[in-house]
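The lines below spell out each chain.
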Amino acid sequence: MTRVTGPSSARKIPALDRRSFLRTSALAGLALGGAAALAACGNDSGSENANGSTQDGSRFGKVAVQLSWLKNIEFAGEYFADSRGYFREAGFGGVDLVAGGAASTSVEAGLDTGKIWLGLSAPQTTAPAILEGLPAKIVGTTYQKNPFCIVSSAAKPINSPADMKGRKIGVQDTNQLIFSALLSANGMAPGDVRIVPAQFDPTPLANGEVDGWVSYVTNEPITLAAKGFPTAHFLFADFGLPLTAETMTVRQQTIDTERDKLKAFLTAEIKGWKDAVADPAEGARLAVEVYGKDQRLDLGEQTKEAQAQNDLVVSADTAANGLFTMTDRLISQNIEALAKAKIDIKADQLFDLSVLREVYAEHPELK
């Protein structure tokens, strides 16, 4: 269930994760298909002609955008922006949506090598990379609340971190860091629970081999319930780790020298995600039948996941300020949560929401 990615050959990028928190971070090497796509599109922003257009006739040319995971419902907004022509209307000749996953490099490594122009990642993965020297910033966040949770059997529910004491919890290797941060945020030590090394298939939970499972609230609780296994869960975000997720990350150079291009991209993304929030069923169809058709996704499950993720994308703050925005309070909470994971970074080192603020100032109708 986790996002795993790998180190850059140009710079050592620390390996964390998203479903480490990149479901978010750490293997090595490019997948062959992903590498080919990145090599073909990652650096091709389209050289400009004398009239200011690119070789393909668009204003901004083509860009490669790396997703944090495989092409499922989590990226419905990107599917809408692509399929409904919002990217092209914004001036892009094409946007290559590059799947992440266990065999892909991390977003941070892709940015470091110039293979991608923008990527969807997470604060706990991007922050260590920046501290290691990567000149990058988070410019917006799709999920206002991270989806990490502990899922358990409804018959023997685990409703809080305290309920985990003395019980067996399945924890994937790439999620050990974030799980330790959850314990620390709640005054607990690793010895307070029985940590069981796990992969990403939650079958051991259904079989009773463990009592709880590190998962995504938009995934395992839904898939387990669909198989006749009623569940309970609690969110990490509700117990001391209010980190955001699916954060949009770019190199500092992009902010400094391609500001109009970045604003155009964010405008298209906002339109796409507004559509995704409004029409979960169509988002699920796009995931199942078009963009993730090789994943053998279940339409019913993807639709339920789309509905569930709306609660992560939309909040009172986004209703007031617009999708992808972060309040100063939320930024501060993220910095504090990272510190609990022993990642010490300043807000202005990690976040730059100025470009997004300009988008909404120029296009208030997008709110």
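The structure displayed is predicted, hence computed values, not measured ones.

Rules behind the numbers
Residues numbered from 1 in each chain as written. Predicted model: local features only at pLDDT ≥ 70, side-chain atom pairs only at ≥ 80, totals over all residues. Heavy atoms only, no water. Helix = DSSP H or I, 4+ residues; strand = E, 2+ residues; numbered from the N terminus. Contact = heavy atoms within 4.5 Å. Phe/Tyr/Trp six-rings, centres within 6.5 Å; stacked < 30°, edge-to-face > 60°. Buried < 20%, exposed > 50% of the residue type's maximum accessible area, 1.4 Å probe, protein only. Core = buried A, V, L, I, M, F, W, Y, C linked by side-chain atoms within 4.5 Å. Domains from an automatic or database assignment.

### Overview of the environment of T244
Take T244: it is sitting in the loop between β9 (231-235) and β10 (245-251). Spatially, the C-alpha atom of T244 lies 9.7 Å from that of G140, the residues being 104 residues apart in sequence. Once residues within four sequence positions are removed from consideration, T244 is found in contact with P123, Q124, T141, Y143, Q144, N146, M326, L330 and N334.

### Observations regarding the packing of aromatic side chains
Within the structure shown, the criterion is met by nine aromatic pairs. Look at F92 and W117: their rings are 6.1 Å apart centre to centre, the planes differ by 55 degrees, and that puts the pair in the tilted class. Note that F92 is positioned in strand β2 (residues 92-98) and W117 in the loop between α4 (107-113) and β3 (118-121), a separation of 25 residues in sequence. Using a relative accessible area of 1% as the deciding quantity, one classes F92 as buried. Ring centres 5.3 Å apart and planes at 90 degrees place the aromatic pair F148 and Y216 in the edge-to-face group. Linking F148 in strand β5 (residues 148-153) with Y216 in strand β8 (residues 212-216), this pair joins segments that are 68 residues apart in sequence.

### So, the nonpolar core
Residues F92, I150, M164, F179, F236, L262 and L350 are the most contacted members of the largest nonpolar core, which totals 92 residues. Among the elements that line this core, the one with the most residues is helix α10 (residues 259-278), at eight residues. Residue contributions to this core reach at least three from each of two domains, namely domain 1 (62-145 + 243-366) and domain 2 (148-238). If near-sequence neighbours (up to four positions away) are discounted, L262 is found in contact with W117, L118, V139, V250, T254, I255 and V355. By size, the runner-up hydrophobic cluster in this structure holds five residues, among which are A64, V98, V107 and L111.

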